[in-house]
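Survey of secondary and tertiary structure
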Amino acid sequence: MQGSMSKRLGIGIVGAGFNGTFHIKSFLSIRHADVLGVCSRTRDKAEKAAAVARDLGVGEAKAYGSITEMVQAPGIDAVWVCSPNHVRIEVIEEIVQSGKGKLLGIACEKPLARNVAEALKVVELAKGFNTGYLENQVYAPMVERGKDILWRRGARAVGRPYLARAAEEHGGPHEPWFWRGKDGGGGVLNDMMCHSIEAARFLLTDPAKPRSSLTPRTVNADIATLKWSRPEYAKKLKAMMGVDYLKKPSEDFARATVSWEDESGNPLITEVTTSWSFVGPGARLSLEVMGPEYYLQGTSLNNHLNVFFSREVSGKTGEDIVEKQTAEQGLMPVVTDEPGEYGYTGENRHMVDCFLAKRKPTETFEDGLEVTRLLMACYLSAERGERLSWPVKGLDTYVPPVAREEYTARDVFKGKK
Ligand SMILES: NC(=O)c1ccc[n+]([C@@H]2O[C@H](COP(=O)([O-])OP(=O)(O)OC[C@H]3O[C@@H](n4cnc5c(N)ncnc54)[C@H](O)[C@@H]3O)[C@@H](O)[C@H]2O)c1
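Residues numbered from 1 in each chain as written. Predicted model: local features only at pLDDT ≥ 70, side-chain atom pairs only at ≥ 80, totals over all residues.

Looking only at helices and strands, the protein chain features 14 helices and 15 strands. Relative to the compact-globule value of 22 Å for 417 residues, the protein chain shows a C-alpha radius of gyration of 21 Å, a close match. Each principal axis of the C-alpha atoms in the protein chain carries an extent, and together these give about 65 × 55 × 45 Å. Within the protein chain, residue pairs in contact and separated by at least 24 positions form 77% of the contacts whose partners lie at least 6 positions apart. (Helix = DSSP H or I, 4+ residues; strand = E, 2+ residues; numbered from the N terminus. Rg over C-alpha atoms; globule rule 2.2 N^0.38 Å. Contact = placed C-beta atoms within 7 Å.)

The following block contains the structure:
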């Protein structure tokens, strides 16, 4: 696809934090795009991220003080939204106001918004634009290649897969806003189950058919705060992030089972679990898919490179071996190409191709809205202690207790008598 294109896509990135910088690194492997702008609430961060882009040679990026200024700058054809969840609406509002008739596309990070009402607003605002929902996991080589092989060989020979399990786990996010239920829109469920629920759904969807070929039937979920509201860890968290998890916790664990019906009436299950309470070498993505005569399993930490440092080796703490790294000694798996392995590279290549060709990406804002609906149904199921039938009533105005700041770590003990 890219080979036939002569035009290049000039990209402006909103948000110069962890995620924006990850995106910039991924552009090393993308041929028909240049990162030309970075804009952030703090100018200094924007300058630093723009310098990363220039140093890597992925574009002559300039730092901008405002979204409008960046969007209207010559050469900017598309915007990647990598700012925190609580500013989604205002950021998208400014992009669409300043980018009408100019932008070829708007790509937005997960979660599309904090809740369904906000996600609907984002979709509404971006009407008339080509949009991309940045769910990197569906473009991860492990997911794409695994899906291709399973469906091409296994499903074709003996029938479709029926169960997908996906998990993403690490020790907790890097910035205070993620830990505040109001700002994140919830805790780990909103932050990370968005990945697992979409990756699992994607693996079970026939590659020749649209997402609508699977219909959700029931949603059943639990959330809990297992680690960060223990007094000794709440104290640590307060010192690190300025939040009080004895008073206003978010969930650091979530699990959900979603049943689906395929177009032939077959029942399928996606089973997902996510946590901010996993302490291992670093962030771990895992998945499993099962069909009548086959299965697939993968984890991002099972790879070909490991390093070992004895107790005599001491040095600075960092994330140079793997994202959310927690140790510098012992035997450690290395993820050699993180933007590639996690799917940022495939995702951005796809978005660039689609925006240049004025084609709809495989993940759009509407897909992000669907994911938000599922996530809110999970929160509602956990709040009520019930399995809910799809379509779930009241989702459009629902705000989870964690985001309302009414959740407590003892809510996990509530159940139906
Ligand atoms: N796909 C993934 O795996 C993944 C990983 C991390 C984060 N994310 C998502 O990316 C987004 C950003 O997360 P992050 O980890 O980079 O957060 P971060 O806090 O590290 O960075 C956020 C950046 O946005 C800037 N910002 C804040 N308000 C802004 C505004 N109104 N206008 C412009 N810039 C503003 C901040 O100054 C900062 O540079 C979140 O939605 C998060 O859920 C996705």
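Our next topic: unusual backbone geometry. Backbone torsion omega between Lys110 and Pro111 reads -20°, so that peptide bond is classified as cis. Turning to its location among the elements, Pro111 is positioned in the loop between strand E5 (105-109) and helix H5 (116-125). Cis rather than trans, the peptide bond between Trp390 and Pro391 has omega equal to -5°. Structurally, Pro391 is set in the loop between strand E15 (388-389) and helix H14 (401-404). Phi is positive for Lys358, close to 55°, though the residue is something other than glycine. Of note, the phi angle at Glu405 is positive, near 60°, even though the residue is not glycine. Relative to the helices and strands, Glu405 is located in the segment after H14.

Before going further, it helps to spend a moment on the sheet that holds strand E10 (residues 267-275). Hydrogen bonds between backbone groups are what pair the strands of a sheet, and the pairing can be parallel or antiparallel. Spatial strand order, E12-E11-E7-E10-E9-E8-E15: seven strands in an open sheet with mixed pairing. Of all the strands in the sheet, the pair left with one neighbour each is strand E12 (294-299) and E15. Here seven bridges tie strand E7 (residues 163-169) to E10, and the two strands are oriented parallel to one another. When the sheet's bridge partners are listed, Leu163 is paired in E10 with Ile269. Across the sheet, helix H13 (residues 365-384) lies against strand E8 (215-224), strand E9 (253-261) and E15, angled at about 55° from E8, the strand it touches most. (Pairing = 2+ DSSP bridges. Axes fitted to C-alpha atoms, helices over the stretch in contact; angles between N-to-C directions.)

What follows deals with the site of the ligand. Taken together, 22 residues lie around the ligand, and Gly15, Gly17, Phe18, Asn19 and Glu109 are the ones closest in. Considering each element in turn, the shell around the ligand owes the most residues, three residues, to helix H1 (residues 18-26). The class makeup of the residues in the shell around the ligand is eight nonpolar, nine polar and five charged. (Near = placed C-beta within 6 Å. Nonpolar A, V, L, I, M, F, W, Y, C, P; charged D, E, K, R; others polar.)

For the rest of this paragraph, the subject is the domain arrangement of the protein chain. Split by domain assignment, the protein chain resolves into domain 1 (2-137) and domain 2 (138-344 + 372-411). Computed from C-alpha atoms alone, the centre-to-centre distance between domain 1 and domain 2 is 24 Å. Of the residues lining the interface, 23 residues belong to domain 1; the matching set on domain 2 comes to 31 residues. Secondary-structure elements contributing two or more residues to the side of domain 1 that touches domain 2 are H1 and H5. Here the side of domain 1 that touches domain 2 takes five residues from H1, the largest share from any one element. Within the side of domain 1 that touches domain 2, the residues separate by chemical class into 10 nonpolar, nine polar and four charged. (Domains from an automatic or database assignment.)

With that out of the way, let us pick up the sheet that holds strand E2 (residues 33-39). Pairing within the open sheet is parallel, and its six strands lie in the order E3-E2-E1-E4-E5-E6. Bordering the open sheet on either side are strand E3 (62-64) and strand E6 (131-134), each of which pairs with just one other strand. Across this sheet, the average inter-strand angle for adjacent strands is 25°, counted without regard to direction. Judged from the six bridges that link them, strand E1 (residues 9-14) and E2 form a sheet pairing that is parallel. Across the sheet, residue Gly10 finds its bridge partner in E2, namely Asp34. Contacts between H13 and the sheet are confined to E5 and E6, with E6 contributing the most and set at about 40° to the helix.

Looking now at the nonpolar core. Side chains that are nonpolar tend, in soluble globular proteins, to be buried together. Ranked by size, the top nonpolar core spans 103 residues in total, and within it Val38, Val81, Ile106, Met193, Ile197, Leu375 and Cys378 carry the most contacts. Among the elements that make up this core, the one with the highest residue count is helix H9 (residues 188-204) (11 residues). For this core, the two domains that each supply at least three residues are domain 1 (2-137) and domain 2 (138-344 + 372-411). Setting aside residues no more than four positions away along its own chain, Ile106 makes contact with Ala78, Val79, Val81, Ile95, Ala126, Phe129 and Thr131. Membership of the second largest hydrophobic core comes to seven residues, among which are Phe178, Trp228, Ala234 and Tyr245. (Core = buried A, V, L, I, M, F, W, Y, C linked by C-beta atoms within 7 Å. Buried ≥ 20, exposed ≤ 12 C-beta atoms within 10 Å, placed from the backbone.)

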